[in-house]
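The residues making up each chain are set out below.
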Amino acid sequence: MTTQELANRYFDLFQQRQVAEIYQSLYSADIICTEPEHALSMGVPTITRGIEAVLAKSKARQEIIAEVHSFFCSEPVVGGNYFSLAMGRDMTLKTGQRLQVAEIAVFGVKDDKIISETFFY
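Under an unreviewed UniProt entry, the name given to the chain is SnoaL-like domain-containing protein, and the source organism is Mucilaginibacter gotjawali.

Next comes the structure, spelled out in structure tokens:
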């Protein structure tokens, strides 16, 4: 699978909100996720290594959300072994706080799998 094909598959699955399928079929077991430094203030680690840790982080984030009002994901932009997407959500947390989040995600690809993800928000 080319990087473009993998990026297109990611986009299609994300549009269908099939995030579990993205993790299962597109991510390397050795994925490395990097978040910005200010994520620490929200209780999010800046570096997460391995699919199990990434899944646990994703699950923890989902558990604080009461409702997602809308979400978006841009079409992927591919350069070499990387692709990027603009992504965002409008959601209400279980605390009652409404939050709009927008970010750029950059994914590294090797051997038909996503091996790295870096988020900018």
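> Mind laying out the pattern of salt bridges, listing which residues take part and the relevant values?
Under the definition given, this model contains three salt bridges. Each member of the salt-bridge network shares a partner with another, and the members are Glu-35, Lys-57 and Arg-61.

> Describe helix α2 (residues 19–26), and please don't skip the residues or the numbers.
Of the residues making up α2, those classed as buried are Ile-22, Tyr-23 and Leu-26. On an axial view of α2, the arc spanned by its buried residues comes to 110°, and they lie on one face. The exposed set on the far side of α2, more than 90 degrees from its buried face, consists of Ala-20 and Gln-24. In this structure, the buried residues of α2 make contact with α1 (3–15), β1 (27–34), α3 (51–63) and β7 (113–120).

> Hey, could you go over the packing of α1 against α2 for me, with residue numbers and the actual values?
The packing of two helices is summarised by the inter-axis angle and the distance between the axes. For the pair α1 and α2, the least separation of the axes is 8 Å and the interaxial angle reads 155°. As far as their axial angle goes, α2 and α1 are roughly antiparallel. Handedness of the α1/α2 crossing: right-handed. Side by side, α1 and α2 meet where Leu-6, Arg-9, Tyr-10, Leu-13 and Phe-14 of the first sit next to Glu-21, Ile-22, Ser-25 and Leu-26 of the second. In terms of residue class, the contact of α1 with α2 is made up of six nonpolar, one polar and two charged.

What counts as what
- Residues numbered from 1 in each chain as written.
- Predicted model: local features only at pLDDT ≥ 70, side-chain atom pairs only at ≥ 80, totals over all residues.
- Heavy atoms only, no water.
- Salt bridge = Lys/Arg side-chain N within 4 Å of Asp/Glu carboxyl O.
- Buried < 20%, exposed > 50% of the residue type's maximum accessible area, 1.4 Å probe, protein only.
- Helix = DSSP H or I, 4+ residues; strand = E, 2+ residues; numbered from the N terminus.
- Arc of directions from axis to C-beta.
- Contact = heavy atoms within 4.5 Å.
- Axes fitted to C-alpha atoms, helices over the stretch in contact; angles between N-to-C directions.
- Parallel < 35°, antiparallel > 145°, perpendicular 65-115°, else oblique.
- Left-handed = near helix turned anticlockwise from the far one by under 90°.
- Nonpolar A, V, L, I, M, F, W, Y, C, P; charged D, E, K, R; others polar.

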